[in-house]
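Residue-level structure breakdown
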Amino acid sequence: MTREATDEIRARIDLVDLIGAHVRLTKAGRSFKGLCPFHEEKTPSFHVNPERGMWHCFGCGEHGDCFTFLMRLETLSFPEALQRLADKAGVTLERRGRGPSRDQRDEMLSALASAARFYGECLQKSERAGQYVRKRAIDAETASKFGLGFAPEGWDNLAGFFAREKVDLGAAEKAGLVSRRRDGGYYDRFRNRLMFPVTDASDRVVGFGGRDLGTDGPKYLNSPETPVFRKGSTLYGFGLARKAIAAAGHVVLVEGYLDVISCHRAGIDNAVAAMGTASGEGHVALLKRVCDRAVLCFDMDSAGQKAALAASELFGAGGFDARVAVLPEGDDPDSLVASGRMADLIRALEGAVPAADYRLDALMASFDLREETERSRMLEKAVEMVARVPNVFERDRLIRKLVPYHADFRKGYGADRGEDSAETRIRQAVERMLPAGAKAARRMPSSAAQKPAGRSRTPLGATEKAERIILMALLQGGELADHAAARIAPDGFVGEVCRQLAAEIFRRREVGEDPASIPLAEGAPQTGEPAPGGEDMQQEQARRLASSLLVRGAGAPLTKPVLDDCVERVLAESRRRELSELQDLVKRGEITRDDPRFQEYLALMRRAHG
Ligand SMILES: [Zn+2]
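Keep in mind it's a predicted model, so treat the numbers as computed, not measured.

1. What to know about the environment of Thr 463
Looking at the element boundaries, Thr 463 is found in helix 22 (residues 462-476). Using a count of 21 C-beta atoms within 10 Å as the deciding quantity, one classes Thr 463 as buried. With 108 residues separating them in the primary sequence, Thr 463 and Leu 571 have C-alpha atoms 9.3 Å apart.

In structure tokens, the structure reads:
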């Protein structure tokens, strides 16, 4: 697929048409707006700009073009969205690479759908499998909602069915349903198992999990990773739970297929499970599109608790408010629901503790805190852990939890003073460990850097407004962009995100690329996978700012005198900040008269005071 093809599709697709099929759009000036499909809202903040071929939500900050819209809405990969829109636009894609062709994928999906049908019929007919399902307290309605099935004993039940139904056995093999015999025939992969079909966000069966009903073989057998079944970005039950997750604003993440089913039976219909025990960044990214809170509800055994610790850290790093539900010892959601103790499950979910507290409690429990040396070893580890918590208020809360274990707290002289000194010491230790970004953010609490671009609720300050107008001119290109570029450099911008965006615009101007394509940058969310090495928050914020400016415009006609005013305002603020920083350094004696920065300080002083 060439760059030209994506550009051509983008140009041919009527974005208002495409989005209008899913969102009621009304005209608003040169753009259109409606209720955002990616977050819950009552007043429209989702804007579509057909001229630019871009959309932007001023509520949640999601943004992009026709490809990203389809990817987000239907959880497609970029190649899938590309193919869909190419078909719609009548553009033929050149095939490159070794990926399976669309026909092959269709064959695999059709084999998977036939298999689901076959397994479903077998469940109806099998007395033994039916008994097992009833024993697990799964009613018929739930069984059909989740499409449960049964793979009978024997080596060629499914293979024989495929042969009779003229299903392509090669595609069935690629989909992980059958394996090839030495003599060239095929045999069933799943035998004597209760079958759980796994669907993608478009409700197509992409794989299976099978629970052994006999005594041999692993308890659970899953489909292998295939071109249509990517475990790292697939969640069991997501198709069924998606709406409920968005409505509740949070997801309940459980461990197994039966846990998901039991939760839904108990009315917790926002429950999903990762494929296998480990959740990964792909799952976090998938869920981030629908919610920003997660309750992790895993087994209380050591494997389950280890998974809960890892997942809580992963979801926390992904910007989720993550909580951990603590179940009664020896239980999981399935056993609670099956034994009629749904109330216990719901209580555990409602009483879920913040993930950071959970991690700290687990850490503290692993030391013998009656011993002085153990206490200090615990504190050392705890400080490292607390420093990784992104939220400053949460860090404070955790620090206070640690105070009673610090040596100063226990020293005799006056309980109050001991407590103060212990808290100060722990806080200092945490601050020394903070990543550089968090330290910088702490020093400049009022800077625009902390506010995600384009979604701040407070009115913009005059400087921020001016910065945006300049960036708007720079993004649009043409004579006004040259005018602005000649008067202010990226360093002149005050806000971190504005500075970052300006730097990217200047880089593109230099190499002759269109700055207006910044929101669609390669490696951006466009590919649907997290960028290697993790998405840089600031870069994403800069792209978001560019998108919001391009989609809604500057709100006022841009002229050279307006631009000149804005540039002067921003540069004055930039000088004011620099001066106040230098003043601080001079006051604290960190800059002496022979420091070259002292001359800079004097020059800024003269300029500021006329
Ligand atoms: Zn939104």
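2. Here's the deal with the nonpolar core
Of all hydrophobic cores here, the largest spans 98 residues; its most connected members are Val 252, Leu 253, Val 272, Leu 296 and Cys 297. The element that contributes the greatest number of residues to this core is helix 5 (residues 102-125), accounting for 8 residues. With residues near it in sequence (within four places) discarded, Val 252 still touches Cys 263, Ile 268, Asn 270, Ala 271, Val 295, Cys 297 and Leu 349.

3. Quick look at the packing of helix 22 against helix 25 (residues 537-552)
At a closest axis distance of 10 Å, the pairing of helix 22 and helix 25 adopts a crossing angle of 80 degrees. Taken together, the axes of helix 22 and helix 25 are roughly perpendicular relative to one another. For the pair helix 22 and helix 25, the contacting residues are Arg 468, Leu 471, Met 472 and Leu 475 in the first and Ala 546, Leu 549 and Leu 550 in the second. Per-class residue counts for the contact of helix 22 with helix 25 are 6 nonpolar, no polar and 1 charged.

4. Comments concerning the sheet that holds strand 6 (residues 149-151)
Taken in spatial order, the 4 strands make up an open sheet running 6-9-10-11, and their pairing is antiparallel. Single-partner strands in this sheet number two, and they are strand 6 and strand 11 (220-222). Going across the sheet, the axis of each strand differs from the next one's by a mean of 35 degrees, ignoring polarity. Sheet analysis places strand 9 (residues 193-199) next to strand 10 (residues 205-212), joined by 7 bridges and oriented antiparallel. Across the sheet, the residue bridging to Thr 199 is Val 205, located in strand 10.

5. Re the pairing of strand 4 (residues 54-57)
Taking every second residue as pointing to the same face, both faces of strand 4 are buried, with Met 54 and His 56 on one and Trp 55 and Cys 57 on the other. Note: strand 3 (residues 46-49) against strand 4, 4 bridges, orientation antiparallel. Note on strand 4: the bridge partner recorded for Asn 49 is Met 54. The antiparallel hairpin formed by strand 3 and strand 4 contains 4 residues in its connecting segment, where Gly 53 sits at a positive phi of about 70 degrees. The turn linking strand 4 back onto strand 5 (residues 63-64) is made up of 5 residues, and Gly 61 within it adopts a positive phi angle of 85 degrees.

6. Digging into the sheet that holds strand 13 (residues 250-254)
The 6 strands lie next to each other as 12-14-13-15-16-17, forming an open sheet whose pairing is mixed. Of all the strands in the sheet, the pair left with one neighbour each is strand 12 (235-236) and strand 17 (353-354). Here strand 13 runs beside strand 14 (residues 271-274); their pairing, made up of 3 bridges, is parallel. Bridge pairing links Val 252 to Ala 271 in strand 14. Helix 11 (residues 257-265) rests against strand 12, strand 13 and strand 14 of the sheet, and its axis sits at about 175 degrees to strand 14.

7. Observations concerning helix 24 (residues 496-511)
Residues lying three or four places apart along an α-helix face the same way, a consequence of the helix completing one turn every 3.6 residues. Between its terminal C-alpha atoms helix 24 stretches 23 Å, which fits the 22 Å expected from 16 residues at 1.5 Å a residue. Three or more residues of helix 24 are buried, namely Glu 496, Val 497, Cys 498, Arg 499, Gln 500, Leu 501, Ala 502 and Ile 505. Those residues of helix 24 that are buried are in contact with helix 22 and helix 25. Phi turns positive one or two residues past the end of helix 24, at Gly 512, with a value near 75 degrees.

Reading the values: the criteria
Residues numbered from 1 in each chain as written. Predicted model: local features only at pLDDT ≥ 70, side-chain atom pairs only at ≥ 80, totals over all residues. Helix = DSSP H or I, 4+ residues; strand = E, 2+ residues; numbered from the N terminus. Buried ≥ 20, exposed ≤ 12 C-beta atoms within 10 Å, placed from the backbone. Core = buried A, V, L, I, M, F, W, Y, C linked by C-beta atoms within 7 Å. Contact = placed C-beta atoms within 7 Å. Axes fitted to C-alpha atoms, helices over the stretch in contact; angles between N-to-C directions. Parallel < 35°, antiparallel > 145°, perpendicular 65-115°, else oblique. Nonpolar A, V, L, I, M, F, W, Y, C, P; charged D, E, K, R; others polar. Pairing = 2+ DSSP bridges. Expected span 1.5 Å × (residues − 1).

Function cannot be read off these values alone, since they describe shape.
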